[in-house]
Amino acid sequence: MTMQTDPVGGLRLGLNIDHVATVRNARGGAYPDPLRAAKLAEAAGVDGITAHLREDRRHMTDADIDALMAHLSIPLNFEMAATDEMQQIALRHKPHAVCLVPEKREERTTEGGLEVAREENRIAHFIAPLQDAGCRVSIFIAADQHQIEAAARIGAPVVELHTGAYCDAHAEGRFDERDAELSRLAEMAALALDLGLEVHAGHGLTYDTVKPIAAFPEVKELNIGHFIIGEAIFSGLDSAIRRMRHLMDEARREMRDIGIA
Ligand code: PXP
């Protein structure tokens, strides 16, 4: 599937719509409809939609994934745990991309990256049929050298670097830690690219934290959900998406102007 927009410097925005489903599920019923959000996001210029089907179906449901697959014309990035059940669902739908994430029942959100280094064999076998089916497999990992090297060894084409620690440090005013996280992310994005991996990033990004990450020349895609869906309450989804897109493009342009991107 081809991209519909030409983002500055090739940086794509994937909108995670899980929390549209969270709001719907708070009451049951059909409103607000994640597919409607996805179509609106498509019109606002996002490059893809991300949806995480959790084992407990706390937000997206199987029917949501069916609807997205049937009606989206931009790529779907299907986030899932590395379980047999999810593998079967992915193989049935063959979405454009599959992003493997760790999943714990008790967590509120995806807390860390996937442990690939200690589970190299299992993950290598797990992704093989998905890749054979034409899905672009991405692995959500911490910005950690061992995880990145393991992802490259098993032949995953893409890694998504977890930006949560950087965003949390910023939100809590721990600016030295934030800057250290940012340096680590920059170093690990460069390593991943050197190893031939496509680099994505995401988790916890906001208007305040997106630009330094968007400025990394190695990063090809940001996946952002909770903040944009939250902002949509105040400014509307279209406006929240356009503002995030604007900040990403601005960061990219600023780097290009000084000759980095
Ligand atoms: N990328 C991955 C792999 C995720 O699991 C999530 C959260 O579901 C996101 C990006 C988006 O994070 P947030 O909702 O905090 O923007």
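Relevant structure appears above.
Predicted model only: the values in this text are computed from it and were never measured. (Residues numbered from 1 in each chain as written. Predicted model: local features only at pLDDT ≥ 70, side-chain atom pairs only at ≥ 80, totals over all residues. Heavy atoms only, no water.)

### Some remarks on the pairing of strand β8 (residues 219-224)
For the record, the criterion: Only protein chains enter the accessibility calculation, which uses a 1.4 Å probe. A residue is then buried if its area is under 20% of the maximum for its type, exposed if over 50%, and partly exposed in between. Helix and strand definitions follow DSSP, with helices as H or I runs of at least four residues and strands as E runs of at least two, each counted in order from the N terminus. Only when DSSP finds a minimum of two bridges between them are two strands counted as paired.
Extensive coverage of β8 is indicated by the burial of five of its six residues. Bridge analysis of strand β7 (residues 198-202) against β8 gives four bridges, and the strand direction is parallel. In the strand pairing of β8, histidine 200 is matched with glutamate 221.

### Here's the deal with the site of the ligand
Test applied: Nearness is defined per residue: one heavy atom within 4 Å of the molecule or strand is enough. Here a polar contact is taken to be a pair of N or O atoms separated by no more than 3.5 Å, where protein atoms must pair a possible hydrogen donor with a possible acceptor and residues adjacent in sequence count only if both atoms sit in side chains.
Taken together, 13 residues sit near the ligand, with Glu79, Glu160, Gly204, Gly225 and His226 positioned nearest. One of the side-chain nitrogen or oxygen atoms of glutamate 79 is found 2.9 Å away from an oxygen atom of the ligand.

### Some words on helix α8 (residues 175-194)
Just so we agree on the cut-off: Helix span, as expected, comes to 1.5 Å for every residue beyond the first. It only takes one pair of heavy atoms within 4.5 Å for two residues to be counted as in contact.
Counted at 1.5 Å a residue, the expected span for α8 with its 20 residues is 28 Å, and the 29 Å between its end C-alpha atoms agrees. Three or more residues of α8 are buried, namely Arg178, Glu181, Leu182, Leu185, Met188, Ala189, Leu191 and Ala192. Where α8 is buried, its residues contact α6 (145-153), β6 (158-162), α7 (164-171), β7 and α9 (210-214). Positioned one or two residues after α8, glycine 196 has a phi angle of 90°, which is positive.

### Some words on the pairing of strand β3 (residues 76-80)
The buried count for β3 comes to five of five residues, which makes it a mostly enclosed element. Burial of the side chains of β3 extends over both faces: Leu76, Phe78 and Met80 are buried on one face and Asn77 and Glu79 on the other. Bridge count for strand β2 (residues 48-52) against β3 is four bridges, and the pairing is parallel. Looking at β3, one finds that isoleucine 49 is bridged to leucine 76.

### Considerations on the pattern of salt bridges
Put simply, the rule is: Here, a salt bridge means any Lys or Arg side-chain nitrogen found within 4 Å of an Asp or Glu carboxyl oxygen.
Scanning all chains against the criterion turns up 20 salt bridges. Between glutamate 85 and arginine 57 there is a salt bridge; the shortest N-O distance is 2.6 Å. Of the two residues, glutamate 85 sits in helix α4 (residues 84-93) while arginine 57 sits in the loop between β2 and α3 (62-71), which places them 28 residues apart along the sequence. The exposure class of glutamate 85 is partly exposed, given its relative accessible area of 37%. A salt bridge links lysine 211 to glutamate 250; the shortest N-O distance between them is 2.9 Å. Separated by 39 residues along the polypeptide, lysine 211 in helix α9 and glutamate 250 in helix α11 (residues 237-257) bring together distant segments of the chain.

### Focus: the environment of alanine 165
With respect to the helices and strands, the residue alanine 165 is situated in helix α7. Separated by 54 residues in sequence, alanine 165 and glutamate 111 have C-alpha atoms that sit 9.5 Å apart.

Worth remembering: the numbers are spatial, not functional.
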